Amino acid sequence: MKHFTTVNDIGPLDLAVKEALEIKKDRFAHTALGRNRTLMMIFFNSSLRTRLSTQKAAMNLGMNVIVLDVNQGAWKLETERGVVMDGDKAEHLLEAIPVMGSYCDIIGVRSFAGLKDKDEDYEERVISQFIRYSGRPVFSMEAATRHPLQSFADLITIEEFKTKERPKVVMTWAPHPRALPQAVPNSFAEWMNATDNDFVLTHPLSRIHI
């Protein structure tokens, strides 16, 4: 597996889930796997659970971890191509990516949808540029259209708690006053459709009773 951004990158799901459950039983059994290797986690957006869980997983595998919060602990990076850099962005992403790649062995990227231009969001420009120019394996810690780590964790949880071989899994949602990223539900549906689970996508809930 060179990169990990969709369910299609992980190989047979039954084997992946089986291996994940084995690792959960002994979290430090594979520390030699990451010895003398470095993970760089790059955040263009804030994170709590994904950041903590991914960093801890890397440490359990014996890896060094570098965490870079773009626009906070580093230069602000321009991500658009062909623009005049006369604002507060000190460096362009295309210049920074090869530098980042030279200091690590694998890169995790988190970059949300802008929710302004659908076509632009669906192009996944930020993580696509890391895949193209970093020279390193790249995995998504949530992008504009998918959140594969979350979906894999959901699948593992379903496997752990299911009471029959082919459980029914239902996804629905409620209205929200503002636009929200769709990466998590998109990714969840993609992963569930790749399984043999009885996956049902319902109509949105029309109201919430409190």
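Reference entry: report on the structure contained in this document.

What counts as what
Residues numbered from 1 in each chain as written. Predicted model: local features only at pLDDT ≥ 70, side-chain atom pairs only at ≥ 80, totals over all residues. Heavy atoms only, no water. Buried < 20%, exposed > 50% of the residue type's maximum accessible area, 1.4 Å probe, protein only. Helix = DSSP H or I, 4+ residues; strand = E, 2+ residues; numbered from the N terminus. Pairing = 2+ DSSP bridges. Right-handed = clockwise from strand over helix to strand, strands pointing away. Axes fitted to C-alpha atoms, helices over the stretch in contact; angles between N-to-C directions. Parallel < 35°, antiparallel > 145°, perpendicular 65-115°, else oblique. Left-handed = near helix turned anticlockwise from the far one by under 90°. Contact = heavy atoms within 4.5 Å. Nonpolar A, V, L, I, M, F, W, Y, C, P; charged D, E, K, R; others polar. Expected span 1.5 Å × (residues − 1). Arc of directions from axis to C-beta. Phe/Tyr/Trp six-rings, centres within 6.5 Å; stacked < 30°, edge-to-face > 60°. Lys NZ or Arg CZ within 6 Å of the ring centre and 35° of its normal.

1. Section: the pairing of strand β1 (residues 38-43)
No. 1: By the criterion of burial, β1 is predominantly enclosed, with six of the six residues buried.
No. 2: By the alternation rule, side chains of β1 split into T38, M40 and I42 and L39, M41 and F43, which are all buried.
No. 3: Two strands pair when backbone bridges link them, and β1 and strand β2 (residues 64-69) are joined in this way by six bridges, in the parallel orientation. Considered in β2, the bridge of L39 is made with V65.
No. 4: For the crossover that starts at β1, traverses helix α2 (residues 49-60) and ends in the parallel β2, the hand is right-handed.
No. 5: The sheet contact formed by β1 and strand β5 (residues 106-110) spans five bridges and is parallel.

2. A few points about the packing of helix α3 (residues 93-102) against helix α5 (residues 125-133)
No. 1: It is at 9 Å that the axes of α3 and α5 come closest, and there the two elements cross at 50 degrees. The orientation of α3 relative to α5 falls into the category oblique. Once α3 is placed against α5, the crossing between them reads as right-handed. Of α5, the residues touching α3 (which contributes L93, L94, I97, P98 and M100) are V126, Q129, F130 and Y133.
No. 2: Across the contact of α3 with α5, the residue classes break down as eight nonpolar, one polar and no charged.

3. Overview of α2
No. 1: An ideal rise of 1.5 Å per residue puts 16 Å on 12 residues; α2 measures up with 16 Å between its terminal C-alpha atoms.
No. 2: Among the residues of α2, those classed as buried are T50, T54, A58 and N60. Down the axis of α2, the sector holding all buried residues measures 160 degrees, keeping them to one side. The exposed residues of α2 that point more than 90 degrees off its buried face are R49 and L52.
No. 3: Check the buried side of α2 and you find it contacts β1, β2, β5, β6 (138-140) and α6 (148-161).
No. 4: Phi turns positive, to about 85 degrees, at G62, one or two residues after α2.

4. A word on the sheet that holds β1
Backbone-to-backbone hydrogen bonds pair the strands of a sheet. The strands run either parallel or antiparallel.
No. 1: Spatial ordering of the open sheet is given by β2-β1-β5-β6, a layout of four strands whose pairing is parallel. Of all the strands in the sheet, the pair left with one neighbour each is β2 and β6. When the angles between neighbouring strand axes are averaged without regard to direction, this sheet yields 20 degrees.
No. 2: Contacts from α5 reach β1, β5 and β6, with the element oriented near 160 degrees to β6.

5. A short note on the packing of aromatic side chains
No. 1: Applying the stated criterion across every chain yields a total of four aromatic pairs.
No. 2: Where F44 meets F130, the ring centres are 6.2 Å apart and the plane angle is 75 degrees; that geometry is what we call edge-to-face. Highlighted residues: F44 in the loop between β1 and α2 and F130 in helix α5, separated in sequence by 86 residues.
No. 3: Through pairs of rings, three or more aromatic residues link up here, namely F4, F152 and W191.
No. 4: The lysine or arginine in question, R51, covers the ring of F43, its NZ or CZ lying 5.4 Å from the ring centre.

6. A word on unusual backbone geometry
No. 1: Residue N36 is not a glycine yet carries a positive backbone phi of 65 degrees.
No. 2: Inspection of the secondary structure assignment puts N36 in the loop between α1 (13-25) and β1.
No. 3: Although it is not a glycine, E124 adopts a positive phi angle of roughly 50 degrees.
No. 4: Looking at the element boundaries, E124 is found in the loop between α4 (118-123) and α5.

7. Observations concerning the packing of α1 against α6
No. 1: Between α1 and α6, the shortest axis-to-axis distance is 10 Å and the interhelical angle comes to 80 degrees. Comparing their axes, α6 and α1 come out roughly perpendicular. Between α1, through L13, A16, V17, A20, L21 and K24, and α6, the contact on the second element is made entirely by F152, L155, I156, E159 and E160.
No. 2: Residues that form the contact of α1 with α6 fall into these classes: eight nonpolar, no polar and three charged.

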